[in-house]
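# Structure at a glance
Here is how the chains run, residue by residue.
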Amino acid sequence: MRSLLLLAFLGGISTVQAIGTAKGFGSATTGGGSAAPATPTSKEQLITWLSDSTPRVILLTSIFDFTSYYGTTTGPICKPWSCTPNPQLAINTSGWCSSTAPTGTATWYNSGASRSLVVGSNKTLLGKGSSSGLKGIGLSIRGVSNVIIQNIVISDLNSQYVWGGDAIDIGGSTNVWIDHNYIKNVGRQMLVIHFEPSTGITISNNYFDGRATYSTGCDGHHYWVFLLPGQGDQITIAQNYIYYTAGRGPHTGGTSGNTQQVHIVNNYFNSITGHALDSDIGSVVLAEGNYFNSVKTPSVAGTAGSEFFIQSSSDVATCNAAMGRTCQANTLVGSGSVAARVDAAVMKSLKSLDGVKKYTPIATSQVPSYVLANAGVGKVN
């Protein structure tokens with residue numbers, strides 16, 4: 001792989017840019033473009049640079065620890081799960097806790113739980129090497145356009161508590177590319193795309209590491225992976241490593257009247273004790289070329305969404321004819337079975353979209369080796 005830091009010395013000026021171009025719906029994303037790269041020297045400078053209206057290429061060369069930056073809150077919590085050991089607890093955000101759940105009081109960090117780093121339009125946020133990024137806080141990409149997040153670590157957001165923090169939240173945004181990042185130990189979602197329309201989104205080559213001390217099933221598998229309930233969304237989820245999780249991988253749809261067009265392609269799902277795909281009402285999902293290894297439920301049956309989960313040669317042929325390209329079947333190894341899910345509405349909805357029909361997936365047999373070699377941080381450095 002080429003270096004993440006594309007260095008061209010022209011008259012003594014170093015240019016640092018993200019490597020590659022997003023595949024799929026996010027292909028038009030350029031982030032901060034050719035803006036002069038700069039490395040923040042303080043948390044305050046990073047906050048300002050990320051959120052202002054100036055196009056920027058921001059290079060992180062270390063971990064910025066925001067864990068205690070915004071102080072703490074003491075408030076009500078509950079214990080929704082009675083398993084042992086180490087069940088996740090829940091902050092009672094907006095009355096989320098059931099009236100029958102055991103309750104108590106705890107103290108958590110405001111970073112993550114109620115504070116995120118706001119990202120403005122026309123930004124590229126890059127990490128150097130494999131140990132640069134954010135600790136204790138996530139990124140909020142809301143109502144903006146043209147953002148690249150590449151090669152950073154995001155970790156340790158109040159992981160004991162549901163509602164302790166989302167690693168990346170997106171909403172009402174266009175042209176966003178989340179690529180080659182490593183996410184671990186978060187309280188809530190590793191990635192959430194909210195109700196406002198978000199288009200031109202590509203989530204690629206990331207390592208979503210679900211190994212956790214605290215979990216909903218007390219088995220060390222993180223449940224909250226991707227939540228995609230938006231309206232009019234167009235999202236590519238490609239070549240990611242989704243490891244040691246238990247659910248929402250992703251959960252799409254769920255709100256009557258909302259729609260999401262989602263292409264889930266060439267991802268490696270490994271060691272999942274619950275479910276991976278969960279296509280609820282409003283979602284239109286094409287799942288192709290994914291490799292499911294030791295996944296209890298690769299796709300939840302009986303959901304109200306439209307899903308085309310390619311398995312048979314007949315499924316492949318149907319997809320080939322609709323897309324005008326070679327499609328790839330999903331592979332299930334040591335995993336639960338998936339009843340035929342070949343909703344014709346998916347092909348009708350997606351066949352005219354360049355983000356899907358012009359996507360060239362790799363052979364499914366190559367997915368585990370390719371993803372393990374390329375997903376996460378330090379792989380394009």
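Since this is a predicted model, take the numbers as computed values, not measurements. (Residues numbered from 1 in each chain as written. Predicted model: local features only at pLDDT ≥ 70, side-chain atom pairs only at ≥ 80, totals over all residues. Heavy atoms only, no water.)

## Remarks on the overall build of the chain
Stated precisely, the cut-off is as follows: Only DSSP runs of H or I reaching four residues or more are called helices, and only runs of E reaching two or more are called strands; each is numbered from the N terminus. Only protein chains enter the accessibility calculation, which uses a 1.4 Å probe. A residue is then buried if its area is under 20% of the maximum for its type, exposed if over 50%, and partly exposed in between. By definition in these notes, contact holds between two residues if any of their heavy atoms fall within 4.5 Å. Note on areas: Shrake-Rupley, 1.4 Å probe, and residue coverage restricted to the protein chains presented here. Counting rule for charge: Lys and Arg are taken as positive, Asp and Glu as negative, and neither His nor the chain ends is counted. To locate a charge, take atom NZ for lysine, CZ for arginine, CG for aspartate or CD for glutamate.
Secondary structure summary: the chain contains 6 helices and 32 strands in total. Projected onto its principal axes, the C-alpha coordinates of the chain cover approximately 65 × 55 × 35 Å. Within the chain, the fraction of its 381 residues that count as buried is 56%. Sequence-distant contacts in the chain: of pairs separated by 6 or more residues, those separated by 24 or more amount to 72%. Carbon and sulfur atoms make up 51% of the accessible area of the chain, which totals about 14,100 Å². Between the mean site of the 22 positive side-chain charges and the mean site of the 18 negative ones, the chain shows a separation of 4 Å.

## Observations concerning the sheet that holds strand S30 (residues 306-309)
Selection rule: In short, DSSP must find at least two bridges between two strands for them to pair. For helices, the axis comes from a line fit to the C-alpha atoms of the stretch in contact; other axes are also lines fit to C-alpha atoms, and the angle between any two N-to-C directions lies between 0 and 180 degrees.
Strands sit in the order S3-S4-S10-S13-S17-S20-S23-S26-S28-S30-S32 across an open sheet of 11 strands; the sheet is mixed. Edge positions in the sheet fall to strand S3 (37-38) and strand S32 (341-342), since each has one partner strand and no second. In this structure, strand S23 (residues 233-238) lies alongside strand S26 (residues 260-265), joined through 6 bridges in parallel fashion. When the bridges of S26 are listed, Ile237 appears paired with Ile264. Packed on one face of the sheet, helix H1 (residues 43-51) meets S3, strand S4 (56-60) and strand S10 (123-127) and runs near 150° to S4.

## Quick word on the side chain of Asn266
Threshold: Two N or O atoms count as a polar contact when they lie within 3.5 Å, although within protein this holds only if one can serve as hydrogen donor and the other as acceptor, and sequence-adjacent residues are included solely when both atoms are side-chain atoms.
Mapped onto the elements of the fold, Asn266 is located in the loop between S26 and strand S27 (268-279). Engagement of the side chain of Asn266 in a polar contact is seen with the backbone nitrogen of Ile362, the distance being 2.8 Å. In this structure Asn266 touches Gln239, Asn240, Glu288, Gly289, Asn290, Tyr359, Pro361, Ile362, Val367 and Val371, once residues within four positions along its chain are discounted.

## As for the nonpolar core
Operational definition: By nonpolar core we mean a set of buried residues, namely Ala, Val, Leu, Ile, Met, Phe, Trp, Tyr and Cys, connected to one another through side-chain atoms within 4.5 Å.
If you look at the biggest cluster of nonpolar residues, it comprises 51 residues, and the most contacted ones within it are Leu46, Leu134, Leu139, Ile141, Ile168 and Phe269. With 4 residues, the top contributor of residues to this core is S27. Residue contacts for Ile168: discarding those within four places in its chain leaves Leu139, Ile141, Ile154, Ile178, Ile183, Met190, Leu191 and Val192. Membership of the second largest hydrophobic core comes to 15 residues, among which are Phe25, Cys319, Cys327 and Leu350.

## A short note on the sheet that holds strand S7 (residues 89-91)
Read from one edge of the open sheet, 4 strands run S8-S6-S7-S15, paired in mixed fashion. Looking at the sheet topology across the chains shown, the edges are occupied by strand S8 (103-109) and strand S15 (161-162).

## Thoughts on the packing of aromatic side chains
Put simply, the rule reads: The aromatic pairing rule takes the rings of Phe, Tyr and Trp, using the six-membered ring of Trp, and pairs them if the centres are within 6.5 Å, calling planes under 30 degrees apart stacked, those over 60 edge-to-face and the rest tilted. Here, a charge over a ring means that NZ of Lys or CZ of Arg falls within 6 Å of the ring centre while also lying within 35 degrees of the ring normal.
Under the defined criterion, the tally for this structure stands at 16 aromatic pairs. With 6.4 Å between their ring centres and 50° between their planes, Trp81 and Trp96 make a pair best called tilted. Within this pair, whereas Trp81 is found in the loop between strand S6 (72-78) and S7, its partner Trp96 is found in the loop between S7 and S8, the two being separated by 15 residues in sequence. Under the relative-accessibility criterion, Trp81 is labelled partly exposed at 21%. On the accessibility criterion, Trp96 (32% relative accessible area) is partly exposed. Measuring from ring centre to ring centre gives 4.7 Å for Phe269 and Phe292, while their planes differ by 5°; the resulting arrangement is stacked. Taken together, the residues Phe269 in strand S27 and Phe292 in strand S29 (residues 291-299) connect sequence positions 23 residues apart. Taken as a pair, Phe269 and Phe292 share a single burial class, namely buried. The ring of Tyr70 has Arg115 sitting right over it, with the charged end atom 3.9 Å from the ring centre. The ring of Trp163 has Arg188 lying over it, and the distance from NZ or CZ to the ring centre is 4.2 Å.

## Observations concerning unusual backbone geometry
Cis geometry marks the peptide bond from Thr84 to Pro85, where omega comes out at -5°. Its place among the elements puts Pro85 in the loop between S6 and S7. That bond from Gly249 to Pro250 is cis: its omega, 10°, falls within 30 degrees of zero. In this model, Trp163 sits at a positive phi of 75°, which is unusual for a non-glycine residue. Considering the arrangement of structural elements, one finds Trp163 in the loop between S15 and strand S16 (168-171).

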